[in-house]
Each structure stands twice: as structure tokens, then as C-alpha cells.
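Okay, here's what each chain looks like letter by letter:
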Amino acid sequence: MTKNLKVVVSSNDYPESGLEVLREHFTVVQSPYSHFGEEGATTNKEELLKLVPGSSALVWVTHHPITKELLDTAGPQLKMVATVSAGYNHCNVPELKARGIKLANTPNVLSSAVAEVAVGLILGAARRFTENLEQVRRGVWEISFDKGLGQDIRDSTVGIVGLGGIGQATVKRLSGFEVGKFLYTGHREKPEAKALNAEFTTLDNLLQQSDFIVLAVPLTDETRHMINSTTLGKMKKNAILINVGRGDLVDQDALYEALKNKNIYAAGLDVTTPEPLPKDHKLLTLPNLFVLPHIGSATVRTRNDMAVLAANNVINGLTGKPLITPVLP
């Protein structure tokens, strides 16, 4: 009954686990190109404009934006977009809402994997991995009792900006590090915080008290550049900023100045603007910055879970059932 419905998968690297679920129900058309990086922005953009006409759903495997042009080209029968990501700032939510198109994302299934990367970034920034790895590459180790010293997690104050699934998973993983206090901020207190021994506070207080500040919020108009010269100025000199949300949560020019002038101790980023960060970007000249190439959800299990969840959202969305993880139901 639904085999006549066309579902377009935006990238050639969408896991087979998700494709198998979709093919049981729909006619699946998959782009032969990657929808990441330069290929996604050019070759695949043109390919998708050829593929989407007549489609009932899009499985969006990228952070490239969903444009009005793409939606116009797809046609009025488009009923569903499933983004294979927790964040959905690239999905043109107002336009989808205006057209009555459902939108689902893939939260929660990636919380554990992203939290592990958050902990890795904390360790990498606190223990000066960038500087120390450079010593290894040069073959010149500056071995001394008082050189290359880092910061302790033990007895520190960790502030979580956004105690959602990723924030909670991060706190759970850090609990074994003998953290002194967990603070969190957001729109409201979270009932889960009590079991995590996390204390609700204002953003200003969190910035002023925390030794580690973890950004785990979605990118919205409210959160864009929430870390800027003003908020960086409220942090401790020994503060370490961690970003596993989206690059535009941080004003990177302001972060560069804060790190360069040692107004804060270090930063660890899994997300940047742009992605990939150009190899000659000024941030990469800093020894107190530890950067990863947006690998938060990059495990075999997690990517398969994300693919299957997105596929099941499409099934529900096109068969009149409630979306499993709705953004626009």
C-alpha cells in the first residue's frame, strides 16, 4: 500500500540498517553522493534537486540546510522530513511548519556517544593533549616535574549548559571522576537533576563558579553566540570550555582572544564554524585548544540506531501514526 510512496535519502553513507527498514515499506531513492563537505554543498545539492520531485519523505543525513528551493522542487506531496541528527537548526523549521510538513530528529540514541566525547574533550583540554601530542610528534619531550601541568577534574565544579539527554549522560560519566559539584542551567529545573546531584542555577552563576563548562544545548536564535566576549569575561581564569552542541553557540573570534590572552585556561571543541575548520584557521594556532572533527555520534552502534530511528519516524509519519521523536508532529 505504501510502496508507491517515494522516500529520498540525501547521502550515500546512510547505514544499511536504516535502508532495510525503509525498503520494506517504500520506494527508496538514495543519492550516490555524500551530503557532507564540499561535495554535499555542490554536486549533491544539484543531484537532490533532480531526485526529490514527487517524494513523500526526505531522510536528511547532513547539516546542510533544507532550502525553500528544495521544498518547492519536491512538491506539495512532501509530508515528512527525518533528520538523522539530534540538532535540527538546519531544517528550516518555520518553512516546514508553514507547509504542514512533519519533522523528526534522532535525540537520545546518541546521548551516550556524545557524552563520551564530552568527557574526552574535558580530559584532552584539561591535560593539554594538543601541546603534549605536539611534543611526541617533534620527538622532543619537555619532561620536568613542573612543566606541562594540567587541571584536575577531581573536586572541580562542572557546569552543564543544557541538562537534556546529552547533559545528563555527561554528568553520569563524570561522576566517577570525583567531581566536587555539578551545576546546570536552562529554561527550567529538571526532575532528573536530583538523582544526578546537580544544582539548578543561572547562566551567570554557572559561568562564574565552574571550572569546566559543557555546552550541550541546541542552536537556536536564543543560544547563538551565547558564549561571547561578555560571557567569556565572566569565567574563571582556570575555566575550560567544552562544546558538543553546535559551533555557532560560540563566538569563535571572542574565544580565540580569550584563549590567546589566557583569560580562560583552555577549550575543547567537537563542533566548529565552519566544518571542517580550515587548516590555517587562527584557532588551530593555539596550544590550549583541543579540537575534534565533529565525531560525537560517530560509533557504529549509535549511527545504526540513528538510522533505524529516522526510518521508523518516516514509517509512522507516512502511515498516520505518531512520530517517535517529533519536532513538528
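Conventions adopted
Residues numbered from 1 in each chain as written. Predicted model: local features only at pLDDT ≥ 70, side-chain atom pairs only at ≥ 80, totals over all residues. Heavy atoms only, no water. UniProt positions renumbered as here; feature names shortened; annotations may be inferred. Helix = DSSP H or I, 4+ residues; strand = E, 2+ residues; numbered from the N terminus. Rg over C-alpha atoms; globule rule 2.2 N^0.38 Å. Buried < 20%, exposed > 50% of the residue type's maximum accessible area, 1.4 Å probe, protein only. Contact = heavy atoms within 4.5 Å. Areas by Shrake-Rupley, 256 points an atom, 1.4 Å probe, with all protein chains shown as cover. Pairing = 2+ DSSP bridges. Axes fitted to C-alpha atoms, helices over the stretch in contact; angles between N-to-C directions. Parallel < 35°, antiparallel > 145°, perpendicular 65-115°, else oblique. Left-handed = near helix turned anticlockwise from the far one by under 90°. Nonpolar A, V, L, I, M, F, W, Y, C, P; charged D, E, K, R; others polar. Core = buried A, V, L, I, M, F, W, Y, C linked by side-chain atoms within 4.5 Å. Right-handed = clockwise from strand over helix to strand, strands pointing away.

An unreviewed UniProt entry lists the chain under the name Glyoxylate reductase/hydroxypyruvate reductase, with Euphydryas editha given as the organism. The record in UniProt for the chain states the following under Sequence similarities (unreviewed entry): "Belongs to the D-isomer specific 2-hydroxyacid dehydrogenase family."

Moving on: the overall build of the chain. What the chain contains, in helices and strands, is twelve helices and 13 strands. Relative to a compact globule of 329 residues, whose C-alpha radius of gyration would be 20 Å, the chain shows 21 Å and is just as compact. Seen along its three principal axes, the alpha-carbon backbone of the chain occupies a region of about 70 × 45 × 35 Å. Classification of the 329 residues of the chain by burial places 49% in the buried group. Looking at the chain alone, contacts between residues at least 24 apart form 61% of all its contacts between residues at least 6 apart. Carbon together with sulfur atoms contributes 53% to the accessible area of the chain, which is approximately 15,700 Å² in total.

Quick look at the pairing of strand S7 (residues 181–185) now. For S7, the tally of buried residues reaches four of five residues, placing the bulk of the element in the interior. Pairing of strand S6 (residues 157–161) with S7, which is carried by five bridges, proceeds in the parallel orientation. Bridging across to S7, Val161 finds its partner in Thr185. In this structure, S7 lies alongside strand S8 (residues 198–200), joined through three bridges in parallel fashion. Paired with Leu183 across the strands is Glu199, a residue of S8.

It is worth spelling out the packing of helix H1 (residues 16–23) against helix H12 (residues 300–318) at this point. Helix packing geometry: the angle between the two helix axes and the distance between the axes. Where H1 meets H12, the axes come as close as 7 Å, and the angle between the chain directions of the two elements is 20°. Judged by the inter-axis angle, H1 sits roughly parallel to H12. The interaxial crossing formed by H1 with H12 has right-handed handedness. Here Ser17, Gly18, Val21 and Leu22 of H1 come into contact with H12, specifically with Asn304, Ala307, Val308, Ala311, Asn312, Val314 and Ile315. Class assignment of the residues belonging to the contact of H1 with H12 gives a composition of seven nonpolar, four polar and no charged.

Turning our eyes to something else, we now look at the nonpolar core. With 52 residues, the main nonpolar core has Tyr14, Leu22, Val59, Val244 and Val314 as its most contacted residues. Here this core takes eight residues from helix H6 (residues 111–126), the largest share from any one element. When sequence neighbours within four positions are dropped, the list of residues in contact with Tyr14 reads Val9, Leu19, Leu22, Gln30, Val59, Val61, Val84, Ala307, Ala310 and Ala311. Counting 28 residues, the second largest nonpolar core, distinct from the first, contains Val161, Met235, Ala267 and Leu269.

A few words now on unusual backbone geometry. Going from Thr273 to Pro274, the amide bond is cis rather than trans, its omega being -5°. Residue Pro276 follows Glu275 across a cis peptide bond; omega there is 0°. Along the chain, the position of Pro276 falls in the loop between strand S11 (266–269) and strand S12 (289–291). Positive phi, normally seen in glycine, also occurs at Asp155, with a value near 65°. You can see Asp155 is positioned in the loop between helix H7 (129–138) and S6. Phi angles above zero are rare outside glycine, and Glu178 is one such case at about 60°. We classify Glu178 as exposed; its relative accessible area is 55%.

It is worth spelling out the pairing of strand S4 (residues 80–83) at this point. Neither face of S4 is exposed, since Met80 and Ala82 on one face and Val81 and Thr83 on the opposite face are all buried. Bridging between strand S3 (residues 57–60) and S4 involves four bridges; their strand directions are parallel. If you follow Trp60 over to S4, its bridge partner there is Thr83. With respect to chirality, the unit in which S3 leads through helix H4 (residues 68–74) into the neighbouring parallel S4 is right-handed. Pairing analysis gives three bridges linking S4 to strand S5 (residues 102–104), with the strands arranged parallel. Paired with Val81 across the strands is Leu103, a residue of S5. Taking the sense of rotation as the criterion, the β-α-β connection linking S4, helix H5 (residues 93–99) and S5 turns out right-handed.

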